Amino acid sequence: MTPVLQGIGLVKRYGRVTAMDGADFDLEAGEVLAVVGDNGAGKSTLIKALSGAVIPDEGQILVDGSPVRFHSPLDARKYGIETVYQDLALAPAQDIATNMFMGRERRRPGFLGTALRLLDSRGMRAEAQRVLDELGIGIKSMAQPVETLSGGQRQAVAVARAAAFGTRVVIMDEPTAALGVAESAKVLELIGRIRDRGLPVVLISHNMPHVFEIADRVHVHRLGKRVAVVSPRTHTMNQVVGLLTGALRIGADGEVEEVAQAVHTGLDR
Amino acid sequence: MTPVLQGIGLVKRYGRVTAMDGADFDLEAGEVLAVVGDNGAGKSTLIKALSGAVIPDEGQILVDGSPVRFHSPLDARKYGIETVYQDLALAPAQDIATNMFMGRERRRPGFLGTALRLLDSRGMRAEAQRVLDELGIGIKSMAQPVETLSGGQRQAVAVARAAAFGTRVVIMDEPTAALGVAESAKVLELIGRIRDRGLPVVLISHNMPHVFEIADRVHVHRLGKRVAVVSPRTHTMNQVVGLLTGALRIGADGEVEEVAQAVHTGLDR
Amino acid sequence: ASGCTSQKTGSGGQPADGGKIKVGLVTKTDANPYFVALRDSARAEADKAGADLIALAGKFDGDNEGQVAAIENLVQQGAKTILITPSNSTGILGAIKNARAKGVLVIALDTETDPKAAVDATYATDNTEAGRLQGAYVKAALGSRTAKVIMLDGTPGSTVSEQRHNGFLAGIGLKDGDAGILGGDATNGEQNKAQQVTENLLQRDTSLNTVYTLNEPAARGAYAALQAKNLAGQVVIGSIDGSCQGVTDVKDGKVAVTVMQFPKKMAAQGVQAALEFARSGKKPGGFVNTGVAVITDKPLPGITSQDTAWGLQNCWG
Amino acid sequence: MATLKERRGSLSEYMLRTPAVGPVIALLVAVVIFSVTTSTFFNVDNLSLVVKQALVIGTLALGQTLVILTAGIDLANASIMVLGTLIMAKFTLLHHTPGIVTLIAGIFVAAVLGAVTGSVVTGFRLPPFIVTLGMLTIVTAVGRIYAAGQSFPVTDGTLGFLGQSQYLFGQIEISNGMWLMLIMYLAVWYGLTRTAWGKHVYAVGNDPEAARLSGIQVRRSLLGVYVIAGVIYGIAAWQALGRVPNADPNAFQTGNLDSITAVVIGGTSLFGGRGSVMGTLVGALIVAVLRSGLTQAGIDQLYQDVATGVLIIVAAGLDRLSRGRQR
Amino acid sequence: MATLKERRGSLSEYMLRTPAVGPVIALLVAVVIFSVTTSTFFNVDNLSLVVKQALVIGTLALGQTLVILTAGIDLANASIMVLGTLIMAKFTLLHHTPGIVTLIAGIFVAAVLGAVTGSVVTGFRLPPFIVTLGMLTIVTAVGRIYAAGQSFPVTDGTLGFLGQSQYLFGQIEISNGMWLMLIMYLAVWYGLTRTAWGKHVYAVGNDPEAARLSGIQVRRSLLGVYVIAGVIYGIAAWQALGRVPNADPNAFQTGNLDSITAVVIGGTSLFGGRGSVMGTLVGALIVAVLRSGLTQAGIDQLYQDVATGVLIIVAAGLDRLSRGRQR
Ligand SMILES: Nc1ncnc2c1ncn2[C@@H]1O[C@H](COP(=O)(O)OP(=O)(O)OP(=O)(O)O)[C@@H](O)[C@H]1O
Ligand SMILES: Nc1ncnc2c1ncn2[C@@H]1O[C@H](COP(=O)(O)OP(=O)(O)OP(=O)(O)O)[C@@H](O)[C@H]1O
Ligand SMILES: OC[C@H]1O[C@](O)(CO)[C@@H](O)[C@@H]1O
Ligand SMILES: [Mg+2]
Ligand SMILES: [Mg+2]
């Protein structure tokens, strides 16, 4: 089966730092793919490349098998790829509904909408409320500026937006990092529902229990590239942690093996 | 024993929102106290009040039993209270060493330092490197601006700073939220080491396994106030989660009991 | 000391590029038609002789620092003569002195320096006389009415402004501080500022019957302000300059009289002196009065004047 | 998710949400003070004069508000307007071209200059401050070269149209320029608050990276703002000719700062993303009221300037207070 | 923690870290172009002249840099300086007070005005733009009231001291003003980069909330910057009297924008927290080099203005390019 979204040999350099160093990536239809890796491994850079927020220096991106070039997040969005960025991408001074519909505002029907381009503010607020309620986020007024929300509430808004609008792929970069227990559970539940709608989801997370609870496959990222793709059904959390820290690796036979001398990991002191 | 740091009936209002609604707090000598609660429960506001970053509208703060008034974070710092804020409080354009020593720069000894007020830049860099190495954070150059670090690397810098300078209390607001598995482990280890130095630590976290691994007591915050303080040895994770979502409460007899009608929680749908 | 020598440039040696004579002109601003006429005429004269004219100006009237830098840069550039209309009569003397020390001929146009001897020569209107003529005419026009004057001056510290002011008072027979002077202020010779100043003065007192203006832009500003208050009819406005627009204003009855200056003459004579200096090294000296003509369509006894038809033939732009 | 106690919406809360309330109070206070302390301030004639005096800066400030909302600033706006007046008046005077033609030509040139500014700002990602500082220098010089030191009286009816007035109820003088300014403010207000274009303008000013990640075409949005601002400056040129029927290369040298003053007094943040055009309108009126009121009170120009300076700061302070220590 | 590949420090990387490199390149390019295209630009006399011409704006820009580093802006700096020149010259002229006394008085007044600005900015948390706009209006008017339509020539040796020169190696003219400017730049550079005070200034400009949470006394730091800037403007007044020995209330009307131009061309960000005073020095020199070079090339004023405008934008563009698309 052709992957829905694929990256081949992606490279991105920032001055002296190579944030992506020939990274590969593939996402199958209908799956939840977790991307795990150390801090600074290049996960966010990878998904920014896949969502058009960063233009890679080298390498290729394919959607349903055809090569594409994203010059901006809008391009990726046109392909139905929706993303929750780690830094959330919300305009703090604007209200929740405005943020939810940013860049795809709805107009009133008829003359008011077509000729006068009048926005359907009430409709958008109602819809925003509905989506957030579904996530179990009890925010009263959709007319509240985002900057008055707590960190977790903000994250919920960003997640709700991506979930509501994705039509081909939903990508989430650490969507539960700032969330409480109940809220995290809701987000995982939501990811499950998105998959049930037939949409594949990419989930970046440092939370192994979450990853193992929801993911169909786990993409392990290390030092700017993919070092392994494993299944949570055949591998353990400890194995995954070993892989991402470099204590373990996938050997020539496809099996996990110990690295004689684990260098540059957080564990080798 | 008198608590090292105590809050009584703290209230803070933002316009129509009451972020703290008569919150109590106490921290005993040498303990790790976890503060848990839903998103928006008011945890960050509470610790901001305790660290001088927010001035409460009502209520009292006591250090070693004596009432104090903090007008700025500097005041709290003078009492040896160091804080890792949820939004990190780093100046992005400045380098790591500068950020670590911000507000307590070291001068060169002798004439250069006293008369010319020349900073000991090399010394501060070396010290910053030492502290970060201790945390297992492999950042090469202390002269790198903070904005070029990954989210996790930044968090590590903030944690290292508080750990290095706290003399009476160290407060950490979700210090591991952006951290990877190995890095989180390092931070928990560090918290342990701080406690071993005899300093109490306040840890705010949504990560129950972390909380149960390290905390001596758990302060449960809900709707702007403390609703329970429990011990991880006598209570389960599920009980704590129930308390913070409002599904459970501490009854008149001091035992955990079910709430007939859990209102306004994330779980009651 | 080091053995190498450096050739001091601009010190009277032959200009570097092909022997073309370079003349610098520094005016007060670029936003007054008078200085544009002056510049155009200087350029035409220089072109005739195959000389180069570089025209610089302050950013605004009062930009002494800009004029100083302009002189300095022109000296460096190899200009053998610099023609200047100083914004401030004392402020730029240092730069002029340095230029002359390097052998550059410096000629003041339009505005005298203070002292006059700070420059080699001055080609200008006798501004005291120009002021006096305006005053005398206005006095005659008022007839038996006692003068109630507001005075629109130029830039603080400029001799043009002082001389015209004092000449006017002499001509009309008043002294600073007399009750007949209702008020006054600096306009920098700009229309906008003059309009604002007049509006403000009118706010206090509308019993005036005379407006002294040091130049025509100021007169236009004053007229606009009076017109807006329907006071133009009761007031005699006098001015100095003789631009075609100014003469037209006299013709249209907006302004009673203007004293024509001859900026083209100043510029042409200045450039000629520069050419002569380049050829023979001969420097001009002293004050050269380029003359004035009183322009009005209502000639009054005792004052020699020309009508606006003559004025329109002889106006400068 | 837990929900904290919320108190009922208070007045101060309302003010926080409605940015123009602070300036409106400042305006009312000024009007009341001058009405009480002088006998000539509060009458229909004078009030309509005050509005007339606010027309040119008010129109410039409308364009300026758009630019500032995107976290930019426009130092060149008045110079563009002045060039517009010169084009309109000089052409009509010298070539007897009908006013309507030169009017459109002037507005067109202003729009093109806006497009140039916008292209440089977006194309090279340069700070608007520096780009418009460069444009200010360039456009001023070009205007002076074009005018060759002259100023050009306006005789054409179309060019002077905005200066003409009707009387409402036989009493209240309303000039065509007032109607036009009102219409323009309403149109921009509608665009900013009721259309997607406006939401994007705010978002781009508030957090350009978030806007980009949300799929907004940031550059296009910015470019559009500069072009629209240019058109508004062109119309301001028309207003200017209505007020003083004479195109003068020396005019409005402080128009850029004056328009920024109106915007900031009106409560719009110089950091972008927060503010309202209606605040700007009030801001422009406050400045005109001050000048008029102080004149009625018999205060000399230079002392008026001192008072205006103080009151600029006080008005900003009032606005600040009315929005409280909320953040 | 995992560490990614790092390449060796490249030139472009070095530029990124050293903010003044872009402007230095622009300066060198300009110097080379004018040296090649004109025969009179590149010689010791002219080069020392260029520096002299940059003294006043260069000194104003030093204070301006401090303010801009804190994310502020100072529109009143030149008006404070002009008031300083008036105080120094008028007093000495009329009352024969020794120059040293009036010099100190002028600098003191400038410092007080800086303190006033700083107090209002920090006390009421008002945007520096609006506060200094108000101060600009007030101080300009006060200067004109004080001058009463006069200008005041300087005769006193102390007041004119900075205009005097020595010759190094009998050739290179160095004025006292140049030494003073150099010393001031070095002192501020030292303070900003080598002392805690400087680190705090950058932090406050970069992220005031982070600075506050880090225990920096943000208000005190800001206030200090405005007072020091005031002192620097007072010294700029002394420089101005050295250049043009005449105190004129009309002078330096564009000094505020000119100094901001130097700062921005020098690569300091208007958003605060990033930049360097050495960049500003280079920025001031670039502007002076342009004016001188264009004159040497025989270009008239208005066309020089157009070229200057274009080059302001180009210099900013070069700076941008040299720092690359790094962020
Ligand atoms: N804009 C940038 N400029 C310079 N360096 C950058 C930039 N963005 C990322 N980097 C660097 O690239 C590396 C990868 O960063 P990235 O954010 O992709 O890591 P990550 O895997 O998402 O880490 P985390 O788990 O901490 O979010 C880091 O070393 C980071 O410092
Ligand atoms: N500066 C502020 N202005 C307005 N409301 C605020 C402000 N700070 C906090 N609040 C509100 O106060 C409430 C408590 O916020 P706080 O940040 O203390 O929650 P928290 O428990 O730390 O949540 P999280 O786990 O998401 O970080 C929230 O509803 C938030 O919206
Ligand atoms: O501002 C004063 C200047 O204006 C003029 O009268 C020209 O309009 C000049 O003669 C004089 O120098
Ligand atoms: Mg990341
Ligand atoms: Mg929090």
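Residues numbered from 1 in each chain as written. Chains lettered and ligands numbered in written order. Predicted model: local features only at pLDDT ≥ 70, side-chain atom pairs only at ≥ 80, totals over all residues. Heavy atoms only, no water.

Under an unreviewed UniProt entry, the name given to chain A is Fructose transport system ATP-binding protein, and the organism recorded is Actinocrispum wychmicini.

**So, the interface of chain D and chain C**
If you look at the interface, chain D gives 17 residues, while chain C gives 17 residues. Regarding the contact of chain D and chain C, the summed buried area is about 1400 Å², with carbon and sulfur atoms giving 39% of it. Of all residues in chain D, the largest losses of buried area upon contact with chain C belong to D:Arg144, D:Gly149 and D:Asn250, amounting jointly to 30% of the total for that side. For the pair chain D and chain C, the number of links is zero salt bridges. (Contact = heavy atoms within 4.5 Å. Buried area = accessible area lost by both parts, 1.4 Å probe. Salt bridge = Lys/Arg side-chain N within 4 Å of Asp/Glu carboxyl O.)

**Considerations on the confidence of the model for chain A**
Segments scoring low in pLDDT should not have their predicted coordinates read at a detailed level. Per-residue confidence for chain A gives a mean pLDDT of 88, with 96% of residues at or over 70. Below a pLDDT of 50 lies the segment residues 262–269 of chain A, which in the model reaches 21 contacts outside its immediate sequence neighbourhood of four places, other chains included. (pLDDT = per-residue confidence, 0-100.)

**Some thoughts on the environment of B:Phe111**
Tracing the backbone shows B:Phe111 in helix H4 (residues 110–114). Along the sequence, B:Phe111 and B:Asp196 sit 85 residues apart, while their C-alpha atoms lie 38 Å from each other. (Helix = DSSP H or I, 4+ residues; strand = E, 2+ residues; numbered from the N terminus.)

**Thoughts on the pairing of strand S3 (residues 172–175) of chain D**
Bridge analysis of strand S2 (residues 165–168) of chain D against S3(D) gives four bridges, and the strand direction is antiparallel. Residue pairing for S3(D): D:Tyr167 is matched across the bridge by D:Glu173. (Pairing = 2+ DSSP bridges.)

**Focus: the confidence of the model for chain C**
Residue and element names in this part refer to chain C. Overall, the predicted model of chain C reaches an average pLDDT of 91, with 94% of residues at or above 70. The model gives residues 1–16 a pLDDT under 50, and that stretch makes 18 contacts with residues more than four places away or in other chains. Confidence metrics for the complex model read pTM 0.86 and ipTM 0.84.

**A short note on the interface of chain E and chain C**
With 38 residues of chain E at the interface, the matching set in chain C holds 37 residues. Both faces combined, the contact of chain E with chain C buries some 3100 Å², and carbon together with sulfur accounts for 46% of it. Where chain E packs against chain C, one counts five salt bridges. With a closest N to O distance of 3.6 Å, E:Arg243 and C:Glu65 form a salt bridge. The tally of links from chain E across to chain C stands at 18 residue pairs in polar contact (both at pLDDT 80 or more). Elements supplying a minimum of two residues to the side of chain E that touches chain C: helix H3 (44–53), helix H14 (277–296) and helix H15 (301–322) of chain E. (Polar contact = N/O pair within 3.5 Å; in protein donor to acceptor, adjacent residues only side chain to side chain.)

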